[in-house]
Amino acid sequence: AATGTSGDLERNAQAVAEAGRDGTITMQIQARFASDDVVKGTGIDVDTQDGVVRLTGTVASRAGRAAAERLARETDGVKRVVNDLRIAGRDAPR
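Residues numbered from 1 in each chain as written. Predicted model: local features only at pLDDT ≥ 70, side-chain atom pairs only at ≥ 80, totals over all residues. Heavy atoms only, no water.

**Things to note about the pattern of salt bridges**
For step 1, the next point in the chain: Counted under the stated rule, the structure contains five salt bridges.
For step 2, the next point in the chain: One salt bridge in this structure joins Arg 54 and Asp 84, with 2.7 Å as the shortest N-O distance. Placement of the pair is Arg 54 in strand E2 (residues 52-59) and Asp 84 in strand E3 (residues 80-87), with a sequence separation of 30 residues.
For step 3, the next point in the chain: By relative accessible area, Arg 54 is classed as partly exposed at 41%.
For step 4, the next point in the chain: Residue classification places Asp 84 among the partly exposed residues on the basis of a relative accessible area of 33%. (Salt bridge = Lys/Arg side-chain N within 4 Å of Asp/Glu carboxyl O. Helix = DSSP H or I, 4+ residues; strand = E, 2+ residues; numbered from the N terminus. Buried < 20%, exposed > 50% of the residue type's maximum accessible area, 1.4 Å probe, protein only.)

**Looking at unusual backbone geometry**
For step 1, the next point in the chain: Not every positive phi belongs to a glycine, and Asp 50 is a case in point at roughly 55°.
For step 2, the next point in the chain: Looking at where Asp 50 falls in the secondary structure, it is placed in the loop between strand E1 (45-49) and E2.
For step 3, the next point in the chain: The exposure class assigned to Asp 50 is partly exposed, which follows from its relative accessible area of 41%.

**Thoughts on the pairing of E2**
For step 1, the next point in the chain: Of the strand pairs in this sheet, E1 and E2 are connected by five bridges, and their pairing is antiparallel. Looking across to E2, one finds that Thr 48 is bridged to Val 53.
For step 2, the next point in the chain: Pairing analysis gives eight bridges linking E2 to E3, with the strands arranged parallel. In the strand pairing of E3, Thr 58 is matched with Arg 86.
For step 3, the next point in the chain: You can see the chain leave E2, run along helix H2 (residues 62-73) and come back into E3, and the turn it takes is right-handed. (Pairing = 2+ DSSP bridges. Right-handed = clockwise from strand over helix to strand, strands pointing away.)

**Considerations on the side chain of Thr 26**
For step 1, the next point in the chain: Tracing the backbone shows Thr 26 in helix H1 (residues 6-34).
For step 2, the next point in the chain: With a relative accessible area of 14%, Thr 26 lands in the buried category.
For step 3, the next point in the chain: In this view, Thr 26 contacts Val 46, Asp 47 and Thr 48; residues no more than four positions away in its chain are not counted. (Contact = heavy atoms within 4.5 Å.)

**A short note on the sheet that holds E2**
For step 1, the next point in the chain: Taken in spatial order, the three strands line up as E1-E2-E3 in an open sheet, and their pairing is mixed. What marks the edges here is a single partner per strand, and that holds for E1 and E3. Sheet twist, expressed as the mean angle between neighbouring strand axes with direction ignored, is 10°. (Axes fitted to C-alpha atoms, helices over the stretch in contact; angles between N-to-C directions.)

In structure tokens, the structure reads:
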């Protein structure tokens with residue numbers, strides 16, 4: 001038997017719905033990247049939490065970094081983009 005209050009159920013349902021939206025946002029951004037000539041094939045990692053998108057990985061140029069951020073920002077449901085992309089050959093870890 002299930003235990004808890006209706007408030008718990010409502011919060012859980014909201015969390016599931018939010019996770020579903022985040023997953024949809026991530027998939028939409030990845031699809032946009034795959035069809036964009038500047039960023040396709042770069043292997044950018046996209047993580048979305050509560051509508052905030054974090055981009056990580058390495059791109060070939062500043063143009064690729066800017067294009068990835070623009071594509072993510074223009075996706076429905078995105079509240080904010082955190083662009084942690086590195087430019088190949090420039091931003092080597094220290």
